[in-house]
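Spelled out from the first residue to the last, the chains are:
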Amino acid sequence: MTSPASVVLVFLDSEFPAGRLADASQPQLMATDQGATRGDGVFETMLAVGGAVRKLQAHLNRLEGSAEALDLVIPGQDQWRAAIGTAVEEHRTQHPASSPAEDELVVKLVVTRGVEGAATPTCWVQVSPVGAASRRQRETGIDVILLDRGYDSGVAERAPWLLMGAKTLSYAVNMAALRHAHKLGADDVIFTSSDGRVLEGPTSTVLLAHVETSDDSGAAGSRTVKRLITPQLDSGILAGTSQGALFTAAKAAGWELGYGPLEPQDLLDADAVWLISSIRLLAPVNHIDGKEIGTPAVQKQLTAELSELFAGIQ
């Protein structure tokens, strides 16, 4: 059995305070682990730049929230921090980046319920390089299609056992949606609810922007208002750590902020739309269902401004 190149694994183990290094080229998970047989578990994916993991606290908090939703008791944050530090350092030692610009790593935290009847979950940290596609799409942007998720926007409150706000290992539907998009020549997907609300991407959060210029009565010149909007969290979507961090930075920079409800027409009427996530960062949306979004010049300007704000987030 072989493993993808340049992968480092560190398991959380009570006998190893800093985590237990494991050989990624060898089998490490029991075939009966419920993470593999049922998708019963949770995960987080983070970006490390120059050896520093971004938004670590927010990801650890969300991991705890997801685990609680699944009635999983997981190791404390200090144990995770120690294992993360070991894994990132080991990867940078074994596989040093060829340049500072390429010193980016995907840091994944995984928790499964373990084998049937296990007293404790199986937990590990997995570190690998950022893929070329993620880097490229930050620059070139993406074409997306809208897909009906099959639930209405009130399902999360009505049926909490669907775990709509938890980041679970059960990603088969999300991956199927991406494959469907690729077959149609698109790069990604924005899910909508059965009652017509904009939700999220399979692995990302939706953002849109409006820029308005108005004359200030009695004042010289005009005033430009930039507004950043994302769907409502109570519509059954995952709370985005990247969206939350960018909203904080954008507010400090003078942007107005808004939360849905959003409909597909709101995306088509926007000056710019992005899918934002921890690894790909801000991916500008060029077309939705074949329709061009905004104008390239405005999109490029806004993307540059928000990317600069996002780059300063730790």
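So, how was this worked out
- In this numbering scheme, every chain counts its residues from 1 along its sequence in written order.
- Thresholds applied to this predicted model are a pLDDT of at least 70 for local features of residues and 80 or more for the giving and counting of side-chain atom pairs; totals over whole chains, interfaces and linings are not thresholded and use all residues.
- Side-chain numbers here rest on the full set of heavy atoms in the structure, without hydrogens or water.
- Comment: elements are numbered from the N terminus, with helices defined as DSSP H or I runs of at least four residues and strands as E runs of at least two.
- Computation of the radius of gyration draws on C-alpha atoms, with the globule rule given as 2.2 Å multiplied by the number of residues to the power 0.38.
- What makes two residues a contact is simply this: any of their non-hydrogen atoms within 4.5 Å.
- Under the convention used here, Asp and Glu are negative, Lys and Arg are positive, and both His and the chain ends fall outside the count.
- One atom stands in for each charge, and that atom is NZ of Lys, CZ of Arg, CG of Asp or CD of Glu.
- Each salt bridge in this description consists of a side-chain nitrogen of Lys or Arg and a carboxyl oxygen of Asp or Glu lying within 4 Å of one another.
- Axes, fitted as lines to C-alpha atoms, cover a helix only where it is in contact. Angles between the N-to-C directions of the axes lie from 0 to 180 degrees.
- Working definition: roughly parallel below 35 degrees, roughly antiparallel above 145 degrees, roughly perpendicular at 65 to 115 degrees, and oblique for all remaining angles.
- Put simply, Ala, Val, Leu, Ile, Met, Phe, Trp, Tyr, Cys and Pro go in the nonpolar bin, Asp, Glu, Lys and Arg in the charged bin, and everything else, Gly too, in the polar bin.
- Here is the rule: rings of Phe, Tyr and Trp (six-membered ring for Trp) pair when centre to centre is within 6.5 Å. Planes less than 30 degrees apart are stacked, more than 60 are edge-to-face, and the remainder are tilted.
- Remark: exposure states derive from per-residue accessible area (1.4 Å probe, protein chains only) relative to the maximum for the residue type, with buried under 20%, exposed over 50%, and partly exposed in between.
- DSSP bridges decide pairing: two strands pair if at least two such bridges lie between them.

Colleague: What is the right way to look at the overall build of the chain in this model?
Modeller: Scanning the chain from N- to C-terminus turns up 9 helices and 14 strands. Taken over the C-alpha trace, the chain has a radius of gyration of 21 Å; the compact-globule value for 314 residues is 20 Å, and the two agree within 12%. Here the analysis covers contacts within the chain between residues at least 6 apart in sequence; of these, 70% occur between residues at least 24 apart. Across the chain, the centroid of the 25 positively charged side chains sits 2 Å from that of the 38 negatively charged ones.

Colleague: How should the pattern of salt bridges be read in this particular structure?
Modeller: Side chains carrying opposite charge are able to pair once their charged atoms draw close together. According to the stated counting rule, one finds 13 salt bridges in the structure shown. Residue Arg227 is joined to Glu212 by a salt bridge in which the shortest nitrogen-to-oxygen separation is 3.3 Å. Separated by 15 residues along the polypeptide, Arg227 in strand β10 (residues 222–230) and Glu212 in strand β9 (residues 205–215) bring together distant segments of the chain.

Colleague: Even after reading the chapter, I still don't get the packing of helix α7 (residues 241–252) against helix α9 (residues 296–311), so can you show me in this structure?
Modeller: Between α7 and α9, the least distance of the axes is 9 Å, while the angle of their chain directions is 105°. Classed by the angle they form, the pair α7 and α9 counts as roughly perpendicular. Contacts from Ser242, Leu246, Ala249 and Ala250 in α7 reach Leu306, Leu309 and Phe310 in α9. Tallied by class, residues from the contact of α7 with α9 come to 6 nonpolar, 1 polar and no charged.

Colleague: Help me understand the packing of aromatic side chains in this model?
Modeller: Each aromatic ring pair is characterised by the separation of its centres together with the angle its planes make. Across all of its chains, the model carries 3 aromatic pairs by this definition. Here Phe43 and Tyr171 contribute two aromatic rings whose centre-to-centre distance is 5.1 Å and whose plane-to-plane angle is 80°, an arrangement assigned as edge-to-face. Placement of Phe43 in strand β3 (residues 41–49) and of Tyr171 in the loop between α5 (155–158) and α6 (172–183) is noted, with a sequence separation of 128 residues between them. The two residues Phe43 and Tyr171 agree in class, both being buried. Aromatic side chains Phe247 and Tyr259 sit 5.4 Å apart centroid to centroid with 55° between the ring planes, which places their arrangement in the tilted category. Here the residue Phe247 occupies a position in helix α7, and Tyr259 occupies one in strand β11 (residues 256–259), the gap between them amounting to 12 residues. Looking at Phe247, the relative accessible area reads 3%, which means it is buried.

Colleague: Would you take a moment to explain the side chain of Thr45 for this structure?
Modeller: Within the element layout of this structure, Thr45 appears in strand β3. Taking the relative accessible area as the measure of exposure, Thr45 reaches 15% and is therefore buried. Beyond its immediate stretch of four places on either side in the chain, Thr45 contacts His59, Val106, Val107, Lys108, Lys167, Ser278 and Ile279.

Colleague: Is there a simple way to explain the sheet that holds strand β6 (residues 122–129) in this structure?
Modeller: Sheets are built from strands that pair by backbone hydrogen bonding, the pairs being arranged parallel or antiparallel. Across the sheet, 6 strands lie side by side as β2-β1-β6-β5-β3-β4; this open sheet has antiparallel pairing. The sheet terminates laterally at β2 (16–22) and β4 (52–53), the two strands that pair on one side only. Sheet topology places strand β1 (residues 8–13) next to β6; 4 bridges connect them, and they run antiparallel. The residue of β6 that forms the bridge with Val8 is Val127. Sheet strands in contact with helix α2 (residues 56–69) are β3, β4 and β5 (104–112), and its direction is about 175° off that of β3. Strand contacts of helix α3 (residues 77–94): β1, β2, β3, β4, β5 and β6, with the helix running at about 30° to β6, the strand carrying the most contacts.

Colleague: Sorry if this is basic, but what is going on with the pairing of β5 here?
Modeller: Counting buried residues in β5 gives 8 out of 9 residues, a clear majority hidden from the surface. Taken together, the 9 bridges between β3 and β5 define a ladder with antiparallel strand orientation. Bridge pairing in β5 links Leu47 to Val106. Summarising the sheet, β5 and β6 pair through 8 bridges and their orientation is antiparallel. Along β6, the bridge assignment pairs Leu109 with Val125.

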